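The residues making up each chain are set out below.
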Amino acid sequence: MTQQTEQGYICRVCGYRNPDHNPFRDETGTSVHGICACCGSESGYEDSTPESTKVNRRRWIQEGTKWFHPELKPENWDLATQLHNIGVDLKDYQNN
Ligand SMILES: [Zn+2]
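Residues numbered from 1 in each chain as written. Predicted model: local features only at pLDDT ≥ 70, side-chain atom pairs only at ≥ 80, totals over all residues.

Chemist: Quick rundown of the overall build of the chain? Include the residues and the values.
Modeler: Looking only at helices and strands, the chain features two helices and three strands. Each helix (α) and strand (β) of the chain, taken in turn from the N terminus, gives the series β-β-β-α-α. The proportion of buried residues among the 96 residues of the chain is 23%. Contacts spanning at least 24 positions in sequence make up 49% of the contacts within the chain whose residues lie at least 6 apart. (Helix = DSSP H or I, 4+ residues; strand = E, 2+ residues; numbered from the N terminus. Buried ≥ 20, exposed ≤ 12 C-beta atoms within 10 Å, placed from the backbone. Contact = placed C-beta atoms within 7 Å.)

This is how it looks when you write it as structure tokens:
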């Protein structure tokens, strides 16, 4: 359940736009696009239903938004901006 675009795909859990040219290939060179570099969600699992997407998003935020591939985290990364990619307001996930 990812949005395929020319620039990659946007993770439905965290809103990160994963690039098409990416390091997510296994030893055999097979693309493993399904794992989000930001939150580590696997397409088709964590985001399989709207409810599980929300649950996993909330957990990821409450656990401190740790990056699955921290070396790819932009210096000026901003969670609220990223969440806007998927129409999510960070405020809805704070203070509760
Ligand atoms: Zn993600």
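Chemist: With reference to specific residues and values, describe the environment of His84.
Modeler: Residue placement: His84 occurs in helix 2 (residues 79-84). Expressed as a C-alpha distance, the spacing of His84 and Tyr16, which sit 68 residues apart in the sequence, is 9.8 Å.

Chemist: Can you break down the nonpolar core residue by residue, with the values?
Modeler: Across soluble globular proteins, nonpolar side chains have a tendency to be buried as a group. Formed by Cys11, Val13, Cys14, Tyr16, Cys36, Ala37, Cys38, Cys39 and Trp60, the largest nonpolar core amounts to nine residues. Those residues in contact with Ala37 that lie beyond four places of it in its chain are Tyr16, Asn18, Phe68, His69 and Leu72. (Core = buried A, V, L, I, M, F, W, Y, C linked by C-beta atoms within 7 Å.)

Chemist: Could you give me a rundown of the confidence of the model for the chain, with the residues and numbers involved?
Modeler: Confidence along the chain averages 83 in pLDDT terms, with 76% of residues attaining 70 or more. For the chain, strand 1 (residues 3-5) is the element with the lowest average pLDDT, namely 48, and helix 2 is the one with the highest, namely 97. (pLDDT = per-residue confidence, 0-100.)

Chemist: Explain helix 1 (residues 50-62) residue by residue, including any values.
Modeler: Between its first and last C-alpha atoms helix 1 spans 18 Å; for 13 residues at 1.5 Å apiece the expected length is 18 Å, and the two agree. Buried residues of helix 1: Thr53, Asn56, Arg57 and Trp60, and no others. Along the long axis of helix 1, the arc covered by the buried residues comes to 105°, so they all point the same way. What points out from helix 1, more than 90 degrees from its buried face, is the exposed set Glu51 and Gln62. One or two residues past the end of helix 1 sits Gly64, with phi positive at roughly 100°. (Expected span 1.5 Å × (residues − 1). Arc of directions from axis to C-beta.)

Chemist: Talk me through the environment of Trp67; I want residue IDs and the actual numbers.
Modeler: In this fold, Trp67 is placed in the loop between helix 1 and helix 2. The spatial distance from the C-alpha of Trp67 to the C-alpha of Cys38 is 4.6 Å, given a sequence separation of 29 residues. Beyond its immediate stretch of four places on either side in the chain, Trp67 contacts Cys38 and Lys73.

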